Amino acid sequence: MTARPSFNVWKNRRVLVTGHTGFKGGWLAAWLGLLGAEVSGFALAPDTDPNLFGVLGLDRRMRSILGDVRDAEALAHAVAETRPEVVFHLAAQPLVRRSYRCPSATFAVNVQGTVNLLEAIRAQPSVKAVLVVTSDKVYANDELGRPFREGDPLGGHDPYSASKACAEIVCASWRDSFLAEAGILLASARAGNVIGGGDWSEDRLVPDIARTIGSGRPVVLRNPDSVRPWQHVLDATQGYLNLAARLLDGDRSAARGWNFGPGAGLVPVREVANTMIAAWGQGSSIALPQEGAPHEAALLMLDSSEAGRALGWMPVLSITEALHWTAEWYRAHAAEPAHAAALTQEQLQRMMDRLSS
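Below or above, wherever it landed, is the structure these notes cover. Quick caveat, the model's predicted, so the values are computed rather than measured.

1. Comments concerning the pattern of salt bridges
Logical step 1: Here the structure, examined in full by the defined rule, presents 22 salt bridges.
Logical step 2: Between R70 and D68 there is a salt bridge; the shortest N-O distance is 2.8 Å.
Logical step 3: Notably, a salt bridge pairs R190 with E168, separated by 2.8 Å at the nearest N-O pair. Of this pair, R190 sits in strand 6 (residues 185-191) while E168 sits in helix 7 (residues 159-179), placing them 22 residues apart in sequence.
Logical step 4: Using a relative accessible area of 6% as the deciding quantity, one classes R190 as buried.
Logical step 5: What makes E168 buried here is its relative accessible area of 5%.
Logical step 6: Salt bridges sharing partners connect three or more residues here, namely D47, R98, R101 and E202.

Printed below as a string of structure tokens:
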């Protein structure tokens, strides 16, 4: 049975979310706000239009500080000013193909940005817990079909994956060298390919579908047979809330890296696209593999049994439900952005109801 995240623990809790203007950070900030937390955020301005931050009006519902995690002074000032008890670190350069174009910036954001945050946290006595969100791509991927477990070697072919693996090493170093003796518990979370409403990032399957449907053009699939651990953003987020609550409760055994992957969400890109198109009720897809495109892993799976055993966590939504919830959100936004904002609250409540049943 899925363990219900400790919802009550968040009421009036001071929380800082880096990356709150992004897709995953926006959903996390919205859920924390619904739970009564005092939420602050530190991030760059949204880099797409539209964006989830704007659709939800999060600038009016939380304290939003615009800044760059590469700016150590600005980041330290934000941490000192907001005095958080728990920090969720989601600010990142999250795109594989962009990392090939901008490798230096990717490492600067994902590695040095993490160092800057952890250094700021060392100087802030209010902090009790830190959760750093990395990626399922932190593992050295031999593509042999074996699900990766938390103790497997870290690595990364592309700059994005390598930078996230480096961020994991940074977390382990700061946890052992500095934070443990200060009484601050730090964990990292490695989720799968997260989908859901409100993502308009470049070079991502679901946003590409959302942008294309209704235009009369087919959705172009560049890697139609690639397999990814697809999961809804709220399943990953309920794992983050569960784990952070353990850290706040002083559970030192939780201060390590964790996988939060889907159960049966391991399906190829082609199937995901066609299922979402069917859920939307219109559209089509076409496979056009790109010659000479940057390397992306064809097969990636996570073993999340440890999170189930030790944390009582497991995904709630099947891949079909996740895609239907996602299509529902984008259809609502296409009709009227305010409808998508209302649906966000409804989907959050639905997820909490599922977790409580």
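2. Structural notes on the packing of aromatic side chains
Logical step 1: Enumeration according to the criterion identifies 10 aromatic pairs in this entry.
Logical step 2: Look at W174 and F178: their rings are 5.5 Å apart centre to centre, the planes differ by 55°, and that puts the pair in the tilted class. Taken together, the positions of W174 and F178, both in helix 7 and four residues apart, correspond to about one turn of that helix.
Logical step 3: The class of F178 is partly exposed, set by a relative accessible area of 28%.
Logical step 4: On the numbers, 5.8 Å between centres and 65° between planes, the contact of W200 with W329 is edge-to-face.

3. Here we look at the nonpolar core
Logical step 1: By size, the foremost hydrophobic cluster in this structure holds 83 residues, and its most contacted members are W10, W31, L32, F88, Y240, F260 and W329.
Logical step 2: Looking at this core element by element, the count peaks at 10 residues for helix 9 (residues 233-248).
Logical step 3: Contacts of F260, omitting those with residues within four sequence positions, involve A189, R190, A191, G192, Q231, G239, Y240, L243, S304, A307, L311 and W313.

Quick notes on the rules
- Residues numbered from 1 in each chain as written.
- Predicted model: local features only at pLDDT ≥ 70, side-chain atom pairs only at ≥ 80, totals over all residues.
- Heavy atoms only, no water.
- Salt bridge = Lys/Arg side-chain N within 4 Å of Asp/Glu carboxyl O.
- Helix = DSSP H or I, 4+ residues; strand = E, 2+ residues; numbered from the N terminus.
- Buried < 20%, exposed > 50% of the residue type's maximum accessible area, 1.4 Å probe, protein only.
- Phe/Tyr/Trp six-rings, centres within 6.5 Å; stacked < 30°, edge-to-face > 60°.
- Core = buried A, V, L, I, M, F, W, Y, C linked by side-chain atoms within 4.5 Å.
- Contact = heavy atoms within 4.5 Å.

Read these as spatial facts, not as claims about activity.
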